[in-house]
Amino acid sequence: MNALSAFTLWAQKNRWVWAAIGVLLLWLVLSVVTNRFSLSSLSGIVLSASFLTVVGIGQMFVVTTGRGNIDLSVASVITLSAFVALLTIKGQDANLAIGVTAAVLLGLAVGLLNSLLVVGLGIPAIIATLATGYVLATATLLSNKAIPGFAVSPALKDLATGRISGVPIMAIIAILGVAAASFVLRCTVFGQLLSAVGQNRAAARLAAIRNGRVIAAAFIIASVLASLDGLLLGAYIGGAFLEMGQPYLLQSIAAVVLGGTLIFGGSATALGTLFASILLILIVTTMQIIGLPPGAQDIVQGIVVIFVLALAGRQVLARRTTAEPADGATPKAKAATSLPE
């Protein structure tokens, strides 16, 4: 086996490497073309990517549950959480614990609502979470009318914008979040159950796994992380505004897919989500340097997501074709391979 074949085999098991290579190549190109990029500018890009990584990790858990599950309410959760933080903290460190508790409770409530719609009522995740997002958007409008001002807690501001030895604190938080998510996926019972449910729900059910609880936990994790992300994002920008979480809707999905998490579930990589988040911010930075308008930037990001999803779909189709029993297979063998997922 030559070096290329060995690397290809290793990369199939470590899909995050492609996002990491993309970051390296794009960074080198920008450095050569602009002559402006340095470690300090990379630090700023990592800071921006950190907010995307936090919400991306939550989206990753939902996607891993399979059946094309995606949480479309995260953008509204981010926005509403920023407004709730302003209303509860009121720019005072003494109210910080109240604000954090309110953000966590908001995430729990939205996660439970999404779980009820998806697991309890059997509504497809895309439709259920989209409807939840509309409800939260209405709540955001009401919160916007009640905002007395845009004072931000100094301690929360330091957490969102501060640095330790030149490294953004938010980047450290994101890296710790990635490490924690990787540990959960690889070393805990919940991580194993999550992969099993995402790969084949029928088989997981036969193995006495309570699929509903696992899926519900994934939606709750996504909502809580999105709410905490909105809390920190509001402190970073110094306030809150309508649609502030909207860019994270498409980008969180793109970060998960580009990072190597299978869109059809069953396998996830938190490290890939981190590298893909940095790559997406680099892509946006490149488009801004070129001078593309915001609408064109959304189109480019959408094309990237569609391209990656198309590749993922072809891989899954190839696997299913390979796994189909031959025409001469016994009826029992055919039935075994055609279990509903």
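As a reminder, the structure under discussion sits directly above these lines.
A few points on the structure. (Residues numbered from 1 in each chain as written. Predicted model: local features only at pLDDT ≥ 70, side-chain atom pairs only at ≥ 80, totals over all residues. Heavy atoms only, no water.)

Thoughts on the overall build of the protein
Piece 1. Per the secondary structure count, the protein includes 15 helices and 2 strands.
Piece 2. Counting every position in the protein, which comprises 341 residues, the buried fraction comes to 46%.
Piece 3. When contacts within the protein are restricted to residue pairs at least 6 apart in sequence, those whose partners lie at least 24 apart make up 76%.
Piece 4. Carbon and sulfur atoms form 70% of the exposed surface of the protein, whose accessible area is close to 16600 Å². (Helix = DSSP H or I, 4+ residues; strand = E, 2+ residues; numbered from the N terminus. Buried < 20%, exposed > 50% of the residue type's maximum accessible area, 1.4 Å probe, protein only. Contact = heavy atoms within 4.5 Å. Areas by Shrake-Rupley, 256 points an atom, 1.4 Å probe, with all protein chains shown as cover.)

Examining the packing of helix H7 (residues 154-161) against helix H11 (residues 211-237)
Piece 1. Between H7 and H11, whose axes approach to 8 Å, the crossing angle comes to 95°. In terms of their interaxial angle, H7 and H11 are classed as roughly perpendicular. In this structure, H7 uses Leu156, Lys157, Leu159, Ala160 and Thr161 to contact H11, whose residues at the interface are Leu231, Leu232, Ala235, Tyr236 and Ile237.
Piece 2. Here the residues of the contact of H7 with H11 sort into 8 nonpolar, 1 polar and 1 charged. (Axes fitted to C-alpha atoms, helices over the stretch in contact; angles between N-to-C directions. Parallel < 35°, antiparallel > 145°, perpendicular 65-115°, else oblique. Nonpolar A, V, L, I, M, F, W, Y, C, P; charged D, E, K, R; others polar.)

Overview of the nonpolar core
Piece 1. Ranked by internal contacts, the top residues of the largest apolar core, which has 83 residues, are Phe51, Val55, Met60, Phe61, Tyr248, Ile278 and Leu282.
Piece 2. No other element matches helix H3 (residues 39-64), which puts 12 residues into this core.
Piece 3. Look past the residues within four positions of Phe61 in its chain and what remains in contact with it is Ala181, Val184, Leu185, Phe190, Leu194, Ala218 and Ile221. (Core = buried A, V, L, I, M, F, W, Y, C linked by side-chain atoms within 4.5 Å.)

Description of empty space enclosed by the protein
Piece 1. Applying the stated rule across the entire model yields 2 cavities of 30 Å³ or more.
Piece 2. Its boundaries defined by the atoms lining it, the largest cavity holds a volume of some 80 Å³.
Piece 3. Lining the largest cavity are Ala82, Ala85, Leu86, Ile89, Ala151, Val152, Ser153, Leu156, Leu231, Gly234, Ala235 and Gly239.
Piece 4. For the lining of the largest cavity, the elements supplying multiple residues, two or more each, are helix H4 (74-89) and H11.
Piece 5. For the lining of the largest cavity, the element with the most residues is H4, which contributes 4 residues.
Piece 6. The class makeup of the residues in the lining of the largest cavity is 9 nonpolar, 3 polar and no charged. (1 Å grid on protein atoms, 1.4 Å probe; cavity = no way out; pocket = protein on both sides within 12 Å on 5 of 7 lines; lining within 4 Å. Points joined across faces, edges and corners; volume = space filled by probe spheres on them.)

Remarks on the environment of Met287
Piece 1. Position of Met287 relative to the elements: it lies in helix H13 (residues 270-290).
Piece 2. Under the relative-accessibility criterion, Met287 is labelled buried at 5%.
Piece 3. Linking Met287 and Val300, residues 13 residues apart in sequence, is a C-alpha distance of 8.9 Å.
Piece 4. If near-sequence neighbours (up to four positions away) are discounted, Met287 is found in contact with Leu292, Gln297, Val300 and Gln301.

Observations regarding unusual backbone geometry
Piece 1. For Ser165, which is not glycine, the phi dihedral falls at a positive 55°.
Piece 2. You can see Ser165 is positioned in the loop between strand E1 (163-164) and strand E2 (167-168).
Piece 3. Of note, the phi angle at Glu243 is positive, near 70°, even though the residue is not glycine.
Piece 4. Residue position: Glu243 is located in the loop between H11 and helix H12 (247-258).
Piece 5. A relative accessible area of 52% places Glu243 in the exposed class.

Here we look at the packing of helix H9 (residues 189-199) against H11
Piece 1. Closest axis-to-axis distance for the H9/H11 pair is 10 Å, and the angle between their directions is 110°. Put simply, H9 runs roughly perpendicular to H11. Of H11, the residues touching H9 (which contributes Phe190, Leu193, Leu194 and Val197) are Asn211, Val214, Ile215, Ala217, Ala218 and Ile221.

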